[in-house]
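Here is how the chains run, residue by residue.
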Amino acid sequence: MPILELQGVTKTFGGLTAVNELSFEVQKGDILGLIGPNGAGKTTVFNLITRHLNCTGGKVIFQGHDITNVRMDKIISFGIARTFQGSRIFRNLTVLEAMLTACYSKRKTGLILDLLNSARAKNEMQQHTEHAIEILKFIGLEERKNDQAGNLPYAHQSLVGIGMALVAEPQLLLLDEPIAGMNPQETLETMELIRKINGRGITVLLVEHNMTAVMGVCNRIVVMNYGEKIVEGTPGEIMEHPAVIDAYLGSGFDARAS
Ligand SMILES: Nc1ncnc2c1ncn2[C@@H]1O[C@H](COP(=O)(O)OP(=O)(O)O)[C@@H](O)[C@H]1O
Ligand SMILES: [Mg+2]
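Criteria and thresholds
Residues numbered from 1 in each chain as written. Chains lettered and ligands numbered in written order. Predicted model: local features only at pLDDT ≥ 70, side-chain atom pairs only at ≥ 80, totals over all residues. Heavy atoms only, no water. Donors = N, O, S within 2.8 Å, 3.2 Å for Na, K, Ca; no water. Helix = DSSP H or I, 4+ residues; strand = E, 2+ residues; numbered from the N terminus. Buried < 20%, exposed > 50% of the residue type's maximum accessible area, 1.4 Å probe, protein only. Near = heavy atom within 4 Å. Polar contact = N/O pair within 3.5 Å; in protein donor to acceptor, adjacent residues only side chain to side chain. Areas by Shrake-Rupley, 256 points an atom, 1.4 Å probe, with all protein chains shown as cover. Contact = heavy atoms within 4.5 Å. Salt bridge = Lys/Arg side-chain N within 4 Å of Asp/Glu carboxyl O. Pairing = 2+ DSSP bridges. Axes fitted to C-alpha atoms, helices over the stretch in contact; angles between N-to-C directions. Core = buried A, V, L, I, M, F, W, Y, C linked by side-chain atoms within 4.5 Å. Left-handed = near helix turned anticlockwise from the far one by under 90°. Nonpolar A, V, L, I, M, F, W, Y, C, P; charged D, E, K, R; others polar.

Let's talk about the coordination of the magnesium ion (ligand 2)
Consideration 1: Those donors, Thr43 (OG1) and Gln85 (OE1), are the protein atoms that reach the magnesium ion (ligand 2), and they lie 2.1 to 2.4 Å from it. Of this pair, threonine 43 sits in helix 1 (residues 42-49) while glutamine 85 sits in the loop between strand 6 (80-82) and helix 3 (95-103), and the two are 42 residues apart along the sequence.
Consideration 2: According to the relative accessible area criterion, threonine 43 is partly exposed, its value standing at 26%.
Consideration 3: The exposure class of glutamine 85 is partly exposed, given its relative accessible area of 39%.

Pasting the structure below:
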């Protein structure tokens, strides 16, 4: 059984069909690349999976359950976490504080206990802090934990976004252009991090423009253009496919970008 399945998913915005009858499967353990020119519909696909947007048609199945119409706030507890393209949501927080905000969705102790400053709430905060620091070590940012997140180099901010998604210990992680704006060294490190995340048993769905990264880390790739799947295959098959070359050349996409 695939961990995630899209069945004929469609999304229209007024007269624009952003995603058109899209079907693909993600197998447990995959690092599946979702690529395509700007405006192809990749981020919209993420928004449909995580329920930030409603599907106009079709179904999204996660671990055998139809999640097409579940509430957005349930998605994380089902085991799906994501990063946001170019996200800057934690500008005024320290790195550790940003990580702790992500712990919120996992909290069992209510606000009233915080107000009472109970031992239980303190104990829980202690556990969250330890968990957050363990993840910061994992992503290589422990030494930055007291830095203002918004002042970090862009590459590190992108990693904090990944760390915040990992707090929920997801089974499926959606990464939306995590490498954008990184230099070659940071790109290599982030590719290695994606492999390490996958090594923890987390299935990854990766949207990324950097073809070196996509070809280097993904075991399968789905190529979209104008909201539709045009090809699916291994990196080797994708590289050689005429439709892929056409789609990218036709849109000015630079397949050599790094
Ligand atoms: N919330 C929205 N409202 C209207 N149009 C949107 C919205 N989100 C995306 N679009 C449009 O849908 C198309 C696909 O966008 P997007 O999914 O962001 O593409 P990609 O991530 O592949 O670059 C684009 O034409 C975009 O302008
Ligand atoms: Mg996008």
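This is not the end of the story, as more comes after the structure.
What to know about the site of ligand 1
Consideration 1: All residues adjacent to ligand 1 are Phe13, Leu16, Ala18, Pro37, Asn38, Gly39, Ala40, Gly41, Lys42, Thr43 and Thr44.
Consideration 2: Measuring from an oxygen atom of ligand 1, one finds a side-chain N or O atom of lysine 42 at 2.7 Å.
Consideration 3: Here threonine 44 contributes a side-chain N or O atom positioned 2.6 Å from an oxygen atom of ligand 1.
Consideration 4: For ligand 1, whose unbound accessible area comes to 560 Å², protein coverage reaches 60%.

Focus: the side chain of threonine 68
Consideration 1: Tracing the backbone through its elements, the reader meets threonine 68 in the loop between strand 5 (65-66) and helix 2 (75-78).
Consideration 2: Assessed through its relative accessible area of 6%, threonine 68 is described here as buried.
Consideration 3: Looking at threonine 68, its side chain comes within polar contact range of the main-chain nitrogen of valine 60, at 3.0 Å.
Consideration 4: Here aspartate 66 takes part through its side chain, which lies 2.4 Å from a polar atom of the side chain of threonine 68.
Consideration 5: Among all residues touching threonine 68, those that are not within four sequence positions of it are Arg51, Cys55, Gly58, Lys59 and Val60.

Some words on the pattern of salt bridges
Close approach of charged atoms lets side chains of opposite charge pair.
Consideration 1: Following the criterion strictly, the structure yields six salt bridges and no others.
Consideration 2: In this structure, the salt-bridge partner of glutamate 232 is arginine 220, at a minimum N-O distance of 3.8 Å. Taken together, the residues glutamate 232 in strand 10 (residues 228-233) and arginine 220 in strand 9 (residues 220-225) connect sequence positions 12 residues apart.
Consideration 3: Residue glutamate 232 is classed as partly exposed on the basis of its relative accessible area of 29%.
Consideration 4: In this structure, a network of salt bridges that share partners links the residues Arg220, Lys229 and Glu232.

Observations concerning the sheet that holds strand 8 (residues 203-207)
Consideration 1: The six strands are arranged 6-7-8-3-9-10 in an open sheet whose pairing can be described as mixed. Looking at which strands have only one partner, the edges of the open sheet turn out to be strand 6 and strand 10. On average, adjacent strands in this sheet sit at an angle of 20° to one another, irrespective of strand direction.
Consideration 2: In this structure, strand 7 (residues 172-176) lies alongside strand 8, joined through five bridges in parallel fashion. Looking at the pairing, leucine 175 lines up with leucine 206 of strand 8.
Consideration 3: Contacting strand 3 (31-35), strand 7 and strand 8, helix 7 (residues 184-199) crosses the sheet at an angle of about 150° to strand 8.

A closer look at the nonpolar core
Consideration 1: Formed by 52 residues in total, the largest nonpolar core has its most connected members in Leu166 and Ile197.
Consideration 2: Those residues in contact with leucine 166 that lie beyond four places of it in its chain are Ile135, Phe138, Ile139, Leu173, Ile197 and Ile202.

Side note on the packing of helix 3 against helix 6 (residues 154-166)
Consideration 1: Direction vectors running N to C along helix 3 and helix 6 enclose 35°, while the axes themselves pass 8 Å from each other. Read as a crossing pair, helix 3 and helix 6 show a hand that is right-handed. Residues Val95, Ala98, Met99, Thr101 and Ala102 of helix 3 touch helix 6, and the partners they reach there are Val160, Gly163 and Met164.
Consideration 2: Broken down by class, the residue content of the contact of helix 3 with helix 6 amounts to six nonpolar, two polar and no charged.

As for the sheet that holds strand 2 (residues 16-26)
Consideration 1: Within the open sheet, the four strands sit side by side as 2-1-4-5. Their pairing is antiparallel. Each end of this open sheet is capped by a strand with a single partner; those strands are strand 2 and strand 5.
Consideration 2: As paired elements, strand 1 (residues 4-13) and strand 2 share seven bridges and run antiparallel to each other. Each bridged residue has a counterpart across the sheet, and for glutamate 5 the counterpart in strand 2 is glutamate 25.

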